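Here's the letter readout for the chains.
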Amino acid sequence: MNASELIDNRIAELNDWRGERLAHLRKLILDAAPGIVEEWKWDTPVWSQNGNVVAAGAFQDHVKLNFFQGALLEDHHLFNAGLDAKATRAIDIYEGDKIDEAALKDLIRAAVELNNSKPKTAKKTTKPSSAKKSISMKKSKTAKRA
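Residues numbered from 1 in each chain as written. Predicted model: local features only at pLDDT ≥ 70, side-chain atom pairs only at ≥ 80, totals over all residues. Heavy atoms only, no water.

A. Structural context of the pattern of salt bridges. Applying the stated criterion across every chain yields a total of 9 salt bridges. One salt bridge connects aspartate 92 with lysine 64, and the closest N-O pair in it is separated by 2.6 Å. Residue aspartate 92 is found in strand β5 (residues 89-94), and its partner lysine 64 is found in strand β4 (residues 62-67); the two are separated by 28 residues along the sequence. Owing to a relative accessible area of 12%, aspartate 92 belongs among the buried residues under this scheme. Each of the salt bridges in this network shares a partner with another, and the network as a whole consists of Asp8, Arg26 and Glu38. (Salt bridge = Lys/Arg side-chain N within 4 Å of Asp/Glu carboxyl O. Helix = DSSP H or I, 4+ residues; strand = E, 2+ residues; numbered from the N terminus. Buried < 20%, exposed > 50% of the residue type's maximum accessible area, 1.4 Å probe, protein only.)

B. Fine view of the sheet that holds strand β3 (residues 52-58). In spatial order, the strands read β1-β2-β3-β4-β5; together these 5 strands make up an open sheet with antiparallel pairing. Each having just a single partner strand, β1 (37-41) and β5 make up the two edges of the open sheet. Mean inter-strand twist for the sheet, computed between neighbouring axes without regard to direction, equals 20°. Bridge count between β4 and β5: 6 bridges; the pairing is antiparallel. (Pairing = 2+ DSSP bridges. Axes fitted to C-alpha atoms, helices over the stretch in contact; angles between N-to-C directions.)

C. Focus on helix α2 (residues 17-32). In this model, α2 (16 residues) spans 22 Å end to end at C-alpha, consistent with the 22 Å of a helix rising 1.5 Å per residue. When we look at burial in α2, the residues that qualify are Trp17, Arg18, Gly19, Arg21, Leu22, Leu25, Arg26, Leu28, Ile29 and Ala32. For α2, the N-terminal capping position is held by aspartate 16, with its side-chain oxygen 2.9 Å away from the main-chain nitrogen of arginine 18. (Expected span 1.5 Å × (residues − 1). Polar contact = N/O pair within 3.5 Å; in protein donor to acceptor, adjacent residues only side chain to side chain.)

D. Summary view of the pairing of β4. In this sheet, β4 lies alongside β3 in antiparallel orientation, the contact comprising 5 bridges. Bridging across to β4, alanine 56 finds its partner in leucine 65. Hairpin connection of β3 to β4: 3 residues between the antiparallel strands.

E. Local environment of the side chain of arginine 26. With respect to the element layout, arginine 26 can be found in helix α2. Taking the relative accessible area as the measure of exposure, arginine 26 reaches 12% and is therefore buried. At a separation of 3.2 Å, a polar atom in the side chain of arginine 26 contacts the main-chain carbonyl oxygen of serine 4. With near-sequence residues (within four places) excluded, arginine 26 lies in contact with Ser4, Ile7, Asp8, Ile11, Glu38 and Trp47. (Contact = heavy atoms within 4.5 Å.)

Any functional reading would require information that these geometric values do not contain.
Okay, here's the thing in structure tokens:
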């Protein structure tokens, strides 16, 4: 099952206001950042683009949007949880809460832009292990003798 199907399943499992809210938040996220990728990590929906952007979790009495680099984003008055965390910031949404959709979309775009502005790190090349090295050295010594 792919990530989008897993998210669909989570929404269906909730079958109350939290599922409806999660579905609505998902639509806002996808509308705000068309290139964003849906993933399933830590048993929860995550949206990423050049790194994790935002995760959504459903709790007993609220739905949480967790912005992975939220501390580096301008606070658009939406963050109301995790304000003391070093990197993340969150929005806790309770039943009946109104969402400033335009501000949320701006926040999502800013989070994506932040990820896109980070320099891409080159993948490290792995050195051959000492066991492989000694085997190749033995082969080259044997080849020289022949």
